[in-house]
Amino acid sequence: MISTDTLSLEVTYRESHDEGSFRSDVLHDFWVCLISRQASILGRKEVLNGRAKFGIFGDGKEVPQVAMARAFKKGDWRSGYYRDQTFMFARGICTLEDFFSQLFADTDRDPFSGGRQMNNHYATPLVDKDGEWLDQTKMYNVSSDISCTAGQMARALGLASASKLYRKIDMPSHKTFSNQGNEVSFVTIGDSSTSEGIFWETMNAAGVMRVPLLVAVWDDGYGISVPVEMQTVKGSISKALEGFLPDGNGNGIMIYTVKGWDYPELCAAFEKVSLKVREKHIPALIHVQELTQPQGHSTSGSHERYKTPSRLQWEKEHDCLVKMEEWIIRMKLQNKMISMH
Ligand SMILES: Cc1ncc(C[n+]2csc(CCOP(=O)(O)OP(=O)(O)O)c2C)c(N)n1
Ligand SMILES: [Mg+2]
């Protein structure tokens, strides 16, 4: 276990930032992204130096996650997978100490699974220490992550269905579970995991049942070593899903595409789409494209072995932190920032 003294920087989303200026919001988000990247880099080192058994990290997926965190309100649910540390930092549900405690399987300090889960597997409690229900309408809720890819889909659908029922049926004794169905169930999934059966079953059921489900696909072009063209029809999940687009009566799934390095577009997309999902209970999918894996898939391999030199170069240039920094400078929003990546 590394000393927590060196990790006292708690990455906590400050509620006051909602009212703050655009500039300080942007710089705050960028700061969270930079801290998160350093956590990924340090995490990999800890594993390769033999101090932790395995690591899988969210590097290359930071920017869309600060955007998603802005749209994620108290009462909402996230059901996701192992890339989401930046979202967790941004929403203040995970500190660096929590993050590394789970990496080191620390049974006393890992708040998500007591050292039982792989790293980057999150959860929030449903009950207090006396076994009484917590008020989920006042919390940022995370259903327990599991390692089988796409397994998060069915749970996200169940949570979205619950909100639909709570809007339809008034249950005064259940006020701590739902604010009259005004929650959004956010689910994150990788591009290659969208090939799994449960992804398609969930999309179909969500469209049929018209539930408040928002699917975010983190598309980094690979499922470990398999490129997306060999995994997804037409090489694009948003293209493959075109038949799901809503008809004139709002039956179907709203589908949007956005580049994973485009901070202002990502913020706008998550804000606008989540508002529609929340109000109208029409499910949506945001296909977040052109993401990267600066350190490869996990600590069990090196992507230099299967990605071409030109792909590796493209990833360097399209790293979402590089792109966000370029945009900050173009917009003249920078402070005395120290580039950490
Ligand atoms: C059901 C299941 N099959 C296979 C695996 C092994 N596995 C872990 S991650 C992964 C690739 C996932 O790729 P993608 O969905 O694109 O997410 P990324 O890691 O690229 O963000 C695979 C095949 C698994 N964990 N669960
Ligand atoms: Mg992928």
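Here, residues in each chain are numbered from 1, in the same order as that chain's written sequence. Just so you know, chain letters begin at A and ligand numbers begin at 1, following the order they were written in. The model is predicted, so local features are restricted to residues of pLDDT at least 70 and side-chain atom pairs to those at 80 or more, both for listing and for counting; the totals for chains, interfaces and linings are taken over all residues.

A.B. asks: Explain the overall build of the protein chain to me, please; I cannot follow it from the model alone.
C.D. replies: Per the convention used, a helix needs a DSSP run of H or I reaching at least four residues, while a strand needs a run of E reaching at least two, with both numbered from the N terminus. Counting secondary structure elements, the protein chain contains ten helices and eight strands. The globule rule used here is 2.2 Å times the number of residues to the 0.38 power, and the radius of gyration it is set against is calculated over C-alpha atoms. Here the C-alpha atoms of the protein chain give a radius of gyration of 19 Å, agreeing with the 20 Å that 2.2 N^0.38 yields for 341 residues. Put simply, a residue is buried when 20 or more other C-beta atoms lie within 10 Å of its own C-beta and exposed when 12 or fewer do; between those, it is partly exposed, and each C-beta is set from the backbone. With 341 residues in all, the protein chain has 42% of them scored as buried.

A.B. asks: Can you walk me through the nonpolar core in this structure?
C.D. replies: Generally speaking, nonpolar side chains in soluble globular proteins are found buried as a group. Counting residues in each nonpolar core, the largest one holds 74 residues, and the members touching the most others are V63, M68, L213, L214, A216, F270 and I286. Considering each element in turn, this core owes the most residues, seven residues, to helix α8 (residues 263-280). Those residues within four positions of M68 in sequence are excluded, and the remaining contacts are F87, F186, A216 and F270. A set of buried residues qualifies as a nonpolar core if it consists of Ala, Val, Leu, Ile, Met, Phe, Trp, Tyr and Cys joined through C-beta atoms within 7 Å. In this description, any two residues whose backbone-derived C-beta atoms lie within 7 Å of each other are considered to be in contact.

A.B. asks: Any chance you could explain the site of ligand 1 here in plain terms?
C.D. replies: Each residue receives a C-beta atom placed from its backbone. It is near a molecule or strand if this atom lies within 6 Å of it. The full set close to ligand 1 counts 14 residues, and C148, G190, S192, S193 and G223 are the nearest of them. Its residues placed into classes, the shell around ligand 1 shows four nonpolar, seven polar and three charged. Each residue is assigned to one class: nonpolar for Ala, Val, Leu, Ile, Met, Phe, Trp, Tyr, Cys and Pro, charged for Asp, Glu, Lys and Arg, and polar for all the others, Gly among them.

A.B. asks: Honestly, α8 in this entry has me stumped. Any pointers?
C.D. replies: Every α-helix carries 3.6 residues per turn, so stepping three or four residues along brings you back to the same face. To estimate how far a helix should reach, multiply one less than its number of residues by 1.5 Å. Here α8 is 18 residues long and its end C-alpha atoms lie 26 Å apart, about the 26 Å a rise of 1.5 Å per residue gives. Where α8 is concerned, the buried positions are Y263, L266, C267, A269, F270, V273, S274 and V277. Seen end-on, α8 carries its buried residues on one side only, within an arc spanning 165°. Opposite the packed face of α8, turned more than 90 degrees from it, sit the exposed residues L275 and E279. Within two residues after α8, H281 carries a phi angle of roughly 55°, on the positive side. This arc describes the spread of directions from the helix axis toward the C-beta atoms.

A.B. asks: Quick question: what am I supposed to make of helix α1 (residues 22-48) here?
C.D. replies: Counted at 1.5 Å a residue, the expected span for α1 with its 27 residues is 39 Å, and the 39 Å between its end C-alpha atoms agrees. When α1 is considered as a whole, its buried residues turn out to be V26, D29, F30, V32, C33, S36, R37, A39, S40, G43 and R44. For α1, the elements touching its buried residues are α2 (62-71), α3 (85-90), α4 (96-103) and α10 (320-330). Just beyond α1, the residue with positive phi is G50, at close to 90°.

A.B. asks: Explain the sheet that holds strand β2 (residues 141-142) to me, please; I cannot follow it from the model alone.
C.D. replies: The strands making up a sheet are joined through hydrogen bonds of the backbone, oriented either antiparallel or parallel. Pairing between strands is defined by DSSP: at least two bridges between them are needed. An order of β2-β1-β3-β4-β8-β7 is seen for the six strands of this open sheet, with the pairing classed as parallel. A single partner strand is all that each edge strand has here, and the edge strands are β2 and β7 (254-259). Summarising the sheet, β7 and strand β8 (residues 284-289) pair through six bridges and their orientation is parallel. Following the sheet pairing, K259 is matched in β8 by Q289.

A.B. asks: Explain the packing of α1 against α10 here, please?
C.D. replies: Between two packed helices, what matters for the description is the angle formed by their axes and the separation of those axes. Look at α1 against α10: their axes get within 11 Å of each other, and the N-to-C directions meet at 155°. One way to sum up the angle between α1 and α10 is to call them roughly antiparallel. Two packed elements cross with a definite hand, and for α1 against α10 that hand is left-handed. In contact with V26, F30, C33, L34 and R37 of α1, α10 contributes L321, M324 and I328. Of the residues contributing to the contact of α1 with α10, the split by class is seven nonpolar, no polar and one charged. Lines fitted to the C-alpha atoms define the axes, with helices restricted to the stretch that makes contact. Angles between their N-to-C directions range from 0 to 180 degrees. In these notes the angle categories are as follows: under 35 degrees is roughly parallel, over 145 is roughly antiparallel, 65 to 115 is roughly perpendicular, and the rest is oblique. Each crossing gets its handedness from the near helix: less than a right angle anticlockwise from the far helix is left-handed, clockwise is right-handed.

A.B. asks: What exactly am I supposed to notice about the environment of Y82 here?
C.D. replies: The topology assignment puts Y82 in the loop between β1 (77-79) and α3. For Y82, a count of 22 C-beta atoms within 10 Å translates into the label buried. Sequence separation between Y82 and M118 is 36 residues, and the spatial gap between their C-alpha atoms is 8.7 Å. Once residues lying within four places of it in the same chain are set aside, the contact partners of Y82 are I56, M118, N120, H121 and D145.

A.B. asks: What is the right way to read the confidence of the model for the protein chain from this model?
C.D. replies: On a scale of 0 to 100, pLDDT captures the predictor's confidence in every residue. Mean pLDDT over the protein chain stands at 92; residues scoring 70 or higher make up 92%. pLDDT under 50 marks residues 1-20. Its contacts with residues more than four places away, or in other chains, come to 25 contacts.

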